[in-house]
Amino acid sequence: TSSWTFLISSHLLHLNSLLVRFTDLKFMATNDLMTELQKDSIKLDDDSERKVVRMILKLLEDKNGEVQNLAVKCLGPLVSKVKEYQVETIVDTLCTNMLSDKEQLRDISSIGLKTVIGELPPASSGTNTQILLYCSVSLCLVLLKQGGLLVNFHPSILSCLLPQLTSPRLAVRKRTIMALGHLVMSCGNLVFIDLIEHLLAELGRNDNMSTTRTYIQCTAAISRQAGHRIGEYLEKIIPLVVKFCNVDDDELREYCIQAFESFVRRCPKEVYPHVPTVISICLRYLTYDPNYNFDDEDEDDNAMDAEQNDEDYQGSDDEYSDDDDMSWKVRRAAAKCLDAVVSTRHEMLPEFYRSVSPALVCRFKEREENVKADVFHAYLSLLKQTRPAQSCSVNVSPSQVPMIVKALHKQLKEKSVKTRQCCFNMLTELVNVLPGALTAHIPVLIPGIIFSLNDKSSSSNLKIDALSCLHVIMVTHPAHAFHAHVPSLVPPVVACVGDPFYKITSEALLVTQQLVKVIRPLDSQPEAADSFDPSPYINDLFTCTIKRLKAADIDQEVKERAISCMGQIICNLGDRLPAELPGTLLIFLERLKNEITRLTTVKALTLIAGSPLKIDLRPVLPDAVPILASFLRKNQRALKLCTLAALDILLRNYSSAVTPVMVDAVLAELPPLISESDMHVSQMALSFLSTLAVTHPSSLGQLSGGNILQQLIALVRSPLLQGGALAAMLDFYQALVATETSGLGYMDLLRMLTGPVYSQSAALPHKQAYCSIAKCVAALTRACPDEGPAVVGQFIQDVKNSRSTDSIRLLALLSLGEVGHHVDLSSQPELKTVILDAFSSSSEEVKSAASYALGSIAVGNLPEYLPFVLQEISSSKRQYLLLHSLKEIISSASVSGLKPYVESVWTLLLKHCECQEEGTRNVVAECLGKLTLIDPETLLPRLKGYLLSGSSYARSSVVTAVKFTISDQPQPIDPLLKNCIGDFLKTLEDPDLNVRRVALVTFNSAAHNKPSLIRELLDSVLPQLYNETKVRKELIREVEMGPFKHTVDDGLDLRKAAFECMYTLLDSCLDRLDIFVFLNHVEDGLKDHYDIKMLTFLMLARLSSLCPSAVLQRLDRLVEPLRATCTTKVKANSVKQEFEKQDELKRSAMRAVVALLTIPEAEKSPLMSEFQSQISSNQELAAIFDSIQRDSSSANMESMDTS
């Protein structure tokens, strides 16, 4: 035997050396090996067997076909010479190769498998029969991985596989279970039913404990692979699994609990009634440790230490061995199942914190490391479920924090690296969920963190986790909580900054940066800051950071963190480092010139420049400012924004050191930045100019006639100018006019702003431009009050002048409104008459501007104008425009100014809330809603009282009014509204269609802006909401239009509003929805009108990412309407719009299909697979599909780009 082994080994060595070299020699060596294997007398030891098998399998992948053929021929004699488990290895590898992308490898492997099966001896022995079965099942597994290609053979395959579940060989059973798992993904319904009924019958019979275990494993595998299909059988399966949990067999218990985990994850709806049972079983077996006794004194630290010291001795005398103990697998399965439950049942969080949380915390003491890791992971999942703030107000009870800390305290000094890592992850997640919760426990936790940082046996990952945990705790807790521990924290953190591994250094620099804020917090009260002396630690922190800052040959991340950390040190401690400061600033200057580090350096300089310590930056400013100016022309948005912020703060705090030459260098780069293409950059540039007007007014002289002013005027006329950019523009104009620069006085700027309107006969392209110009005019007028009366008089004349164009009148009225908002214009006697006359203009825009102007002017002097507006509404026929003026008054005036008029305004509005004109009613409703915000205690009950009105118009006005009381910001009305919004939503049952529609619109507004108002009402509101998604035939009528008949659906707007509400609820209240009921109505919407189809396609795409398992269960029902939409043909004589609508429908449907295909296993649905084939064979659909796939992949890439 030894000589054969030597011979074979020499062939193998020769082959191994040739694998990367000569094909001819390789061929000869393989041929020699085959010759030796064919000799009957050959005997191989275990090591030689393994080497021969590995080498021949490797040769099957050779590039040379002749070598491959020889390797296949070697397999024949080899299978009769090696042991059984080696044959299994050969079969596994060949089956895996048959799924390869390489055609040649697939072909040679299939020949190899045929060779192996053919060479097995006749089935005289049971062993060879079982190997043959193993090969057959493996082959089935390979075939089934091809999905739906073998649908016709599935019944035959099933009948072949089922008997193998009782095979005496466990390897065959395991392979069979894997094959059945692949079968259920693509088999027809009849085959699936046969399989499930077989399993149920065998489990009910329970002849043999070994096969029962296999059947439970098989059920769990089917659930994992096709949970969407097994759900309807759970009512029969779960009672059987619960029964087997009580059998005294640890392996069976483990498989039962694993099956529960699979049901919980894959069948969320069907398993719901059984979740309490599953939790109670998991909690019972989480502590199942029959061979170990946790004595009460274990809770005492000293007793625990004594036990650990004596552990080895006790173990050696005891006859029982831990190797025989399988109970840890049961505990691990219980922990994993609890993990699945808390991850998927968000609505049960309060119950989890009552029952599951304490049980998991108690098991942190688990003695088996793998089980302990899973217990920690389950608790982490519980904490992660608690993080989303918008979904629920459930939080970790602060009373549980001491219990958690006590349990973790002991584990932080365990020898096990894995345990300590789990502790750090737990603490990190805990403070993310409950910031500040560990303030009282810092003294207990810091020694444990320091232990891991100082422990020489600690792995790199453990140190990184410890530093990351420390950083998060320091960020989320007050600085004073750490002051007592700074002496013990600084040395290990400094040592980690000097660590040779860059990831540890990087994390340690983050901690150092936070430590600097702790030892000298600049944002605290002076007495608090002075209570702790940072002096002993400054040198150590500075020295370790400067060493990393100076190094040029280090990792990019470390460079950036070192710059940020040094920026924080100078910001907080710069006054204590007078000798070191100049040299450090010069290093910053060098880093500023480096393309890789410049952005981080700009941020650090901004931090230093804003420090209240007034750090002396004058030595570096002459070099730094021109470099910063050059960054403004770089094609890097983040760099531009940070540079503008840095220049702004330098101007504010170091204006005396910034010379005109430096300012000119910056001004030369500004014109391209002031543009509608990037409003945020424009806003920052305008803020810089405003600061410049205050600090260096003389530098603005060059703006006159320059590019910057032209860009400003162009930006004012942009329809995109609004929000922060518009506010910055107004601030700049006020600052500019205050400088009294020659050529940039009040009248000069006014002419620049308004000149184009007066000089051009053509109107500006967008109304928003007139509004922006008017706001700028008002800003200038507020800054120069002496100029105001003359300009206001001129605007009044412009409105009166019959020769004025509509553009001039529009600008004049808007300007009067903006000026009057801030300045009392009651001294202008003609104003009221002129504005009322403008109500009669032929131009709708002029009338709208006059309405706005009257309301805005009234805000400037309520006693003078508000009674006048109310009087006009009562007596005039132009109520719609006057009500718009009143809306402007209510929206903009101060609460204190409006309060005396609330009653008279309320009474007037109620007179008009029954108006037949819907536009007027909507304005009245908005006024009522905004007026209610002024005195909610009095007016909200009144509003509620009008729900009983006999007029449907009044009811719709009141419900619409509630919509205007809801905003996304907290308001005093919120608690009152929460108590009574249910009464307003009862109008969803109103007999009037329009009232129900506006009730849905109000509900949608609440769900979008303030979900907390309606979360608790969903159980009663959702049935009514779903009811409105149905098509009602009684609301469909035919209208004759000449010779044609036109169908009108009066319920369409109502259904559209209902589906919009459903879409909103996906974002704000997903955890309160029964997704399967929700999907029923989405399914109906897929067959509805064009507008509703478009909405449901969007919903389907959203649901595919939010609830993939639920969508997968309904996939077959969803595919059909999508297919119908994509294959619908428009009649040849239809109008162009019909073709466009159908194209848009197809694209939207295809987006939904692409989203559905992102769900794992969706492609395995026979209907979806068939639809995909149909798309591929249709040129038009294939083009749309490819285009959408490209768009979605590029969108994903963009979202991953964090730059």
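Look up a bit, the structure's there.
Reading the values: rules and limits
Residues numbered from 1 in each chain as written. Predicted model: local features only at pLDDT ≥ 70, side-chain atom pairs only at ≥ 80, totals over all residues. Heavy atoms only, no water. Helix = DSSP H or I, 4+ residues; strand = E, 2+ residues; numbered from the N terminus. Buried < 20%, exposed > 50% of the residue type's maximum accessible area, 1.4 Å probe, protein only. Contact = heavy atoms within 4.5 Å. Areas by Shrake-Rupley, 256 points an atom, 1.4 Å probe, with all protein chains shown as cover. Axes fitted to C-alpha atoms, helices over the stretch in contact; angles between N-to-C directions. Parallel < 35°, antiparallel > 145°, perpendicular 65-115°, else oblique. Left-handed = near helix turned anticlockwise from the far one by under 90°. Nonpolar A, V, L, I, M, F, W, Y, C, P; charged D, E, K, R; others polar. Patch = residues over 30% accessible without salt bridge, like charges linked within 9 Å, V, L, I, M, F, W, Y side chains within 5 Å. Salt bridge = Lys/Arg side-chain N within 4 Å of Asp/Glu carboxyl O. Expected span 1.5 Å × (residues − 1).

On to the overall build of the protein, then. Tallying secondary structure elements over the protein gives 61 helices and two strands in all. Of all 1203 residues assigned to the protein, the portion counted as buried reaches 53%. Residue pairs in contact within the protein that sit at least 24 positions apart in sequence constitute 74% of those at least 6 positions apart. Counting only carbon and sulfur atoms, one obtains 52% of the accessible surface of the protein, whose full area is about 53900 Å².

The geometry of helix 44 (residues 862–875) relative to helix 45 (residues 879–892) is characterised by a closest axis approach of 9 Å and an angle of 150 degrees between their N-to-C directions. For the element pair helix 44 / helix 45, the angle class is roughly antiparallel. The two elements helix 44 and helix 45 meet at a crossing, and its hand is left-handed. Only Gln 879, Leu 882, Leu 883, Leu 886 and Ile 889 of helix 45 make contact with helix 44, whose side of the interface consists of Leu 862, Leu 866, Val 869, Leu 870, Glu 872 and Ile 873. Across the contact of helix 44 with helix 45, the residue classes tally to nine nonpolar, one polar and one charged.

Excluding glycine, residues mostly carry a negative phi; peptide bonds, for their part, are mostly trans. Positive phi outside glycine occurs at Lys 614, with the angle close to 55 degrees. Tracing the chain through its elements places Lys 614 in the loop between helix 31 (598–609) and helix 32 (621–631). With a phi close to 55 degrees, Glu 740 is a non-glycine residue in the positive phi region. Secondary-structure assignment places Glu 740 in the loop between helix 37 (723–738) and helix 38 (746–759). Judged by its relative accessible area of 70%, Glu 740 is exposed.

As a further point, take a nonpolar patch on the surface. A contiguous nonpolar patch, built from Leu 25, Phe 27 and Met 28 and spanning about 250 Å² of accessible area, is present on the exposed surface. If you trace the backbone, Met 28 turns up in helix 2 (residues 23–37). The exposure class of Met 28 is partly exposed, given its relative accessible area of 48%.

Between its first and last C-alpha atoms helix 48 (residues 918–932) spans 21 Å; for 15 residues at 1.5 Å apiece the expected length is 21 Å, and the two agree. With eleven of its 15 residues buried, helix 48 lies for the most part within the structure. For helix 48, the set of buried residues is Thr 920, Arg 921, Val 923, Val 924, Ala 925, Glu 926, Cys 927, Leu 928, Gly 929, Leu 931 and Thr 932.

Using the criterion set out here, one finds 49 salt bridges in the structure. Across the pair Arg 420 and Asp 455 runs a salt bridge, and its minimum N-O distance is 3.1 Å. With a gap of 35 residues between them, Arg 420 in helix 22 (residues 417–433) and Asp 455 in the loop between helix 23 (442–454) and helix 24 (460–476) connect regions that are remote in the sequence. Taken as a pair, Arg 420 and Asp 455 share a single burial class, namely buried. A salt bridge links Lys 1146 to Glu 1180; the nearest nitrogen and oxygen atoms lie 3.2 Å apart. Of this pair, Lys 1146 sits in helix 59 (residues 1136–1156) while Glu 1180 sits in helix 61 (residues 1179–1200); the two residues are 34 residues apart in sequence, bridging distant segments of the chain. Residue Lys 1146 is classed as buried on the basis of its relative accessible area, which comes to 8%. Counted as one network, the salt bridges with shared partners bring together Asp 289, Arg 331, Arg 363, Glu 366 and Arg 367.

So far we have only geometry, and geometry alone does not tell us how the molecule works.
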